[in-house]
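Listed below, chain by chain, are the residues.
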Amino acid sequence: ESYINLASLYKDKDNNKALEYLQKAYDINQTDENLLLSLAQTFRLLYRNRESIEILEKLTQDNKNCAEAYSQIAINYMDLCDYNRALENYNLALSLNNENLNYKHGKAVALKYLGCIEESKEILEQIITNPDSSIQSTITLGMLYLADRQFEKGMKLYTQRSKESKFIEVF
C-alpha cells in the first residue's frame, strides 16, 4: 500500500517515478486488480502500450469479469490504431457492463475509424440522450454530422464544446 500511495503522489507529475513504485508494489502483489489497472494505465501514459496490454490481459485471464480491463485494453489498441482489436475489447467490456457510457463512446469512436459511420452515429445518439453522458459524445456526434455535410445539425452539437471549461475561450 505504501508503494501505491507513493506512486499516486507522482501520478501526472513524474510517471516514470510513479511506475517505479507501482512495479515495486507489483513485485509484492501480482493479483490486486486496482494495482494492475494503475500499472497498466501508467504504462499507457508512458506510451508503453504493449506492456500495458500485457498487464491487462493477465488481469482478464485471472478475472474474466473485469470490464474495465477490457476497456483499457481497447484504449491501448486505439492508441496503436488497431481499431478492430479495440472494437473487440469494447464489445467484451460492454458484454459485462452494457450501461457504461464510456465503453459505448469508445465503441462508437472505434466504429468511426473503421468507417462504420451510421452505426457510430446510432450509438452516440443513444448516449447523448442520457443525462449522465459526457460532452465528448455530443462533440463527436457533431463532428460526424459535419463530416456528413449536415452542417446545421453538426454545428448545434459541436459548439456545445464551449460548455467544457477549456474550450470556453475558443467559442
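**Q** I'd like a rundown of the side chain of Lys107, residues and numbers included.
**A** As for its position among the elements, Lys107 is in helix 7 (residues 101–113). The side chain of Lys107 is buried and forms no salt bridge, while Glu119, the nearest opposite charge, is found at 4.7 Å. Residues in contact with Lys107, not counting those within four places in the same chain, are Leu87, Tyr90, Asn91, Leu94, Glu119 and Ile123.

**Q** So what's going on with the pattern of salt bridges? Residues and values would help.
**A** On inspection of all chains with the given rule, the structure shows 8 salt bridges. Residue Arg44 is joined to Asp79 by a salt bridge in which the shortest nitrogen-to-oxygen separation is 2.7 Å. Residue Arg44 is found in helix 3 (residues 33–45), and its partner Asp79 is found in helix 5 (residues 67–79); the two are separated by 35 residues along the sequence. Judged by relative accessible area, Asp79 falls into the partly exposed class, the value being 38%. Where Arg85 meets Asp82, a salt bridge forms, and the shortest distance between an N and an O atom there is 3.9 Å. Assessed through its relative accessible area of 39%, Arg85 is described here as partly exposed.

**Q** Tell me what's going on with the packing of aromatic side chains, and back it up with residues and numbers.
**A** Two aromatic rings are characterised by how far apart their centres lie and by the angle between their planes. What the rule picks out here adds up to 3 aromatic pairs. Look at Tyr3 and Tyr21: their rings are 6.3 Å apart centre to centre, the planes differ by 25°, and that puts the pair in the stacked class. With Tyr3 in helix 1 (residues 2–10) and Tyr21 in helix 2 (residues 15–28), this pair connects stretches of sequence that are 18 residues apart. On the numbers, 4.7 Å between centres and 15° between planes, the contact of Tyr83 with Tyr113 is stacked. On the criterion of sequence distance, the pair formed by Tyr83 in helix 6 (residues 83–96) and Tyr113 in helix 7 is long-range, its members being 30 residues apart. For Tyr83, a relative accessible area of 17% gives the class buried. Counting every residue linked through ring pairs, the aromatic cluster contains Tyr3, Tyr10 and Tyr21. Stacked on the ring of Tyr113, the Lys or Arg Lys112 has its end atom at 4.7 Å from the ring centre.

**Q** Pulling in residues and values, what's your account of the nonpolar core?
**A** In this structure, Leu39, Ile55 and Met78 are the most contacted members of the largest nonpolar core, which totals 40 residues. Within the residue set of this core, elements represented by two or more residues are helix 2, helix 3, helix 4 (49–62), helix 5, helix 6, helix 7, helix 8 (117–128) and helix 9 (135–147). When residues no more than four places from it in sequence are discounted, the contact partners of Ile55 are Tyr26, Leu36, Leu39, Ala40 and Phe43.

**Q** Lay out the side chain of Lys121 with the relevant residues and their values.
**A** Considering the arrangement of structural elements, one finds Lys121 in helix 8. Setting aside residues up to four positions removed in sequence, Lys121 forms contacts with Leu141, Leu144, Tyr145, Asp148 and Gln150.

**Q** Which residues make up a nonpolar patch on the surface, and what values go with them?
**A** Taken together, the side chains of Tyr3, Leu6, Leu9 and Ile28 define a hydrophobic patch exposed on the protein surface, amounting to about 380 Å² of accessible area. Sort the elements by how many residues they give to the nonpolar patch and helix 1 lands first, with 3 residues. Turning to its location among the elements, Ile28 is positioned in helix 2.

Rules used in this analysis
- In this convention, every chain numbers its residues from 1, walking through the sequence in written order.
- Under the rules for a predicted model, residues below a pLDDT of 70 receive no local features and side-chain atom pairs below 80 are neither given nor counted, while totals for whole chains, interfaces and linings still include all residues.
- By convention in this description, side-chain values take in all heavy atoms of the structure and omit both hydrogens and water.
- A helix here means a DSSP run of H or I that spans at least four residues, while a strand means a run of E at least two residues long, and both kinds are numbered starting from the N terminus.
- Under the scheme applied here, a residue whose accessible area is under 20% of the maximum for its type counts as buried, over 50% as exposed, and between as partly exposed, the area being computed with a 1.4 Å probe on protein chains only.
- In this count, Lys and Arg are taken as positive residues and Asp and Glu as negative ones, while His and the chain termini are left out.
- Criterion for a salt bridge: a side-chain nitrogen of Lys or Arg within 4 Å of a carboxyl oxygen of Asp or Glu.
- Any two residues whose heavy atoms approach within 4.5 Å are treated as being in contact.
- Ring pairs shown here join Phe, Tyr and Trp side chains whose ring centres sit within 6.5 Å, with only the six-membered ring taken for Trp; geometry is labelled stacked below 30 degrees between planes, edge-to-face above 60, and tilted in between.
- Only Lys NZ and Arg CZ are tested; either one counts as a charge over a ring when it is within 6 Å of the ring centre and within 35 degrees of the ring normal.
- Here the nonpolar core consists of buried residues drawn from Ala, Val, Leu, Ile, Met, Phe, Trp, Tyr and Cys, with membership extended through side-chain atoms lying within 4.5 Å.
- Note on patches: the residues involved have over 30% relative accessible area and no salt bridge, like charges join within 9 Å, and the nonpolar side chains Val, Leu, Ile, Met, Phe, Trp and Tyr join within 5 Å.
- For every accessible area listed, the method is Shrake-Rupley and the probe measures 1.4 Å; residues are considered covered only by the protein chains on display.

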